[in-house]
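# Commentary on secondary and tertiary structure
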Amino acid sequence: MLEVRNVERRFGGLTAVRDVSMEVNKNEIVALIGPNGAGKTTLFNLVAGVLPANKGDIKFNGKSITGLGTAQICKIGIARTFQIPQLFGSMSVVDTVMVGALACSRSIAVARERAFQVLEQVGLRDKANQRSATLTISGKKRLEIARALATQPSMILLDEVVAGLNAPEVHKLLDLIRELRANDMTVLLVEHNIEAVLNIADRIVVLDRGEKIADGMPREVLNQKEVVGAYLGDDYVLA
Ligand SMILES: Nc1ncnc2c1ncn2[C@@H]1O[C@H](COP(=O)(O)OP(=O)(O)OP(=O)(O)O)[C@@H](O)[C@H]1O
Ligand SMILES: [Mg+2]
């Protein structure tokens, strides 16, 4: 579904993403992991059209999306959440989601209906009229997901959605992600919580200093020497 080929992104003298190729198949949940500064968010931004790549090509459903802007990429069915929730605190929960829904529909009534539908899906229906600022971290993460879902994507990019949540909240959020997949969503997520990754990912891709160093089944990848060395640390024991 998503094909990233030899993509590179530089910031001045720093190569944040170097010659990375990877794919995400339809209905798959792929986790992108790696140390801080490895280039995970940059790769998300390249896929989402926030940043142009300096080299390489990105295809979605067989068509090149290289060079398209965020609005066009949203229209073809890719949505993303932000590592740091980008919410307008004074806006109500439902209005925040409507902003996402209006990317696809010009009708306020349709956008409103869609917003309530996704709020129900993420478990925030009863908070619809509260200000976004009043939500807990877990609520804000769900709101980010709802706003992304409101654009009716076929693929969603989740940047550290379980960071900052306690264990029961993490499990509930992972359940939500599984539910999305059961409803035909394809998921690429960035995550530092290895337990969560093992719990949910079909496949793991590891970036280190901008380069892909591993790609495969979760347990196999987490046992690879390079991954342990670059990211997990030598005292890491796979549960
Ligand atoms: N807009 C930018 N301008 C300059 N440098 C940037 C920019 N965005 C990212 N970088 C640099 O690119 C590298 C990769 O950053 P990126 O945010 O993609 O890492 P990450 O893997 O998401 O890290 P983290 O786990 O901390 O979120 C870092 O060295 C970062 O400082
Ligand atoms: Mg990041």
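Residues numbered from 1 in each chain as written. Chains lettered and ligands numbered in written order. Predicted model: local features only at pLDDT ≥ 70, side-chain atom pairs only at ≥ 80, totals over all residues.

### Some thoughts on the packing of helix 3 (residues 93–101) against helix 5 (residues 137–149)
The contact between helix 3 and helix 5 brings their axes to 7 Å, and the two run at 35 degrees. For the element pair helix 3 and helix 5, the recorded crossing hand is right-handed. For the pair helix 3 and helix 5, contact is made by Val93, Thr96, Val97, Val99 and Gly100 and by Leu143, Ala146, Arg147 and Ala148, respectively. (Axes fitted to C-alpha atoms, helices over the stretch in contact; angles between N-to-C directions. Helix = DSSP H or I, 4+ residues; strand = E, 2+ residues; numbered from the N terminus. Left-handed = near helix turned anticlockwise from the far one by under 90°. Contact = placed C-beta atoms within 7 Å.)

### Re the sheet that holds strand 10 (residues 211–216)
Adjacent strands of a sheet form backbone hydrogen bonds with each other and so pair up, either parallel or antiparallel. Taken in spatial order, the six strands make up an open sheet running 6-7-8-3-9-10, and their pairing is mixed. With partners counted over all chains shown, the strands left at the sheet margins are strand 6 (78–80) and strand 10, one partner each. Put simply, the sheet's adjacent strands are angled 15 degrees from each other on average, direction ignored. The strands that helix 6 (residues 167–182) touches are strand 3 (29–33), strand 7 (155–159) and strand 8 (186–190); relative to strand 8, the one it contacts most, it runs at about 150 degrees. Along the sheet, helix 9 (residues 225–232) makes contact with strand 3, strand 9 (203–208) and strand 10, crossing strand 10 at roughly 125 degrees. (Pairing = 2+ DSSP bridges.)

### Here we look at the environment of Gly216
Residue placement: Gly216 occurs in strand 10. Looking at Gly216, the number of C-beta atoms within 10 Å reads 14, which means it is partly exposed. In this structure the C-alpha to C-alpha distance between Gly216 and Gln117, which are 99 residues apart in sequence, comes to 35 Å. (Buried ≥ 20, exposed ≤ 12 C-beta atoms within 10 Å, placed from the backbone.)

### Focus on the site of ligand 1
If you check the shell around ligand 1, you find Phe11, Leu14, Ala16, Gly34, Asn36, Gly37, Ala38, Gly39, Lys40, Thr41, Thr42 and Gln83 and nothing else. Of all the secondary-structure elements, those providing two or more residues to the shell around ligand 1 are strand 2 (14–24) and helix 1 (40–47). Take the shell around ligand 1: its biggest share by element is three residues, from helix 1. The residue inventory of the shell around ligand 1, partitioned by class, reads four nonpolar, seven polar and one charged. (Near = placed C-beta within 6 Å. Nonpolar A, V, L, I, M, F, W, Y, C, P; charged D, E, K, R; others polar.)

### A short note on the nonpolar core
By size, the foremost hydrophobic cluster in this structure holds 70 residues, and its most contacted members are Val97 and Ala146. Not counting residues up to four positions away in its chain, the partners in contact with Val97 are Ala115, Val118, Leu119, Ala146, Arg147 and Ala150. (Core = buried A, V, L, I, M, F, W, Y, C linked by C-beta atoms within 7 Å.)

### Here we look at the sheet that holds strand 2
Across the sheet, four strands lie side by side as 2-1-4-5; this open sheet has antiparallel pairing. At either margin of the open sheet sits one strand with a lone partner, and together these are strand 2 and strand 5 (63–64). Bridge analysis of strand 4 (residues 55–60) against strand 5 gives two bridges, and the strand direction is antiparallel. Note on strand 5: the bridge partner recorded for Phe60 is Lys63.

### Concerning the confidence of the model for the chain
Per-residue confidence for the chain averages 92 on the pLDDT scale, and 97% of its residues sit at or above 70. When the elements of the chain are averaged for pLDDT, helix 9 gives the smallest value, 81, and strand 1 (residues 2–11) the largest, 98. (pLDDT = per-residue confidence, 0-100.)

### Details of the domain arrangement of the chain
Here the chain is partitioned into domain 1 (1–77 + 153–239) and domain 2 (85–151). Its C-alpha centre places domain 1 at a distance of 24 Å from the equivalent point of domain 2. Each partner contributes residues to the interface: domain 1 has nine residues there, and domain 2 has nine residues. Counting residues per element, the side of domain 1 that touches domain 2 draws most heavily on helix 6, which supplies three residues. In terms of residue class, the side of domain 1 that touches domain 2 is made up of seven nonpolar, one polar and one charged. (Domains from an automatic or database assignment.)

### A closer look at helix 6
Compared with the 22 Å implied by 1.5 Å per residue over 16 residues, the 23 Å span of helix 6 between its first and last C-alpha is a close match. Three or more residues of helix 6 are buried, namely Val170, Leu173, Ile177 and Leu180. Projected down its long axis, helix 6 shows its buried positions confined to an angular sector of 75 degrees, all on one face. Relative to its buried face, helix 6 has exposed residues pointing more than 90 degrees away, namely Ala167, Pro168, Asp175, Glu179 and Ala182. The secondary structure elements touched by the buried residues of helix 6 are strand 3, helix 5, strand 7, strand 8 and helix 7 (194–200). (Expected span 1.5 Å × (residues − 1). Arc of directions from axis to C-beta.)

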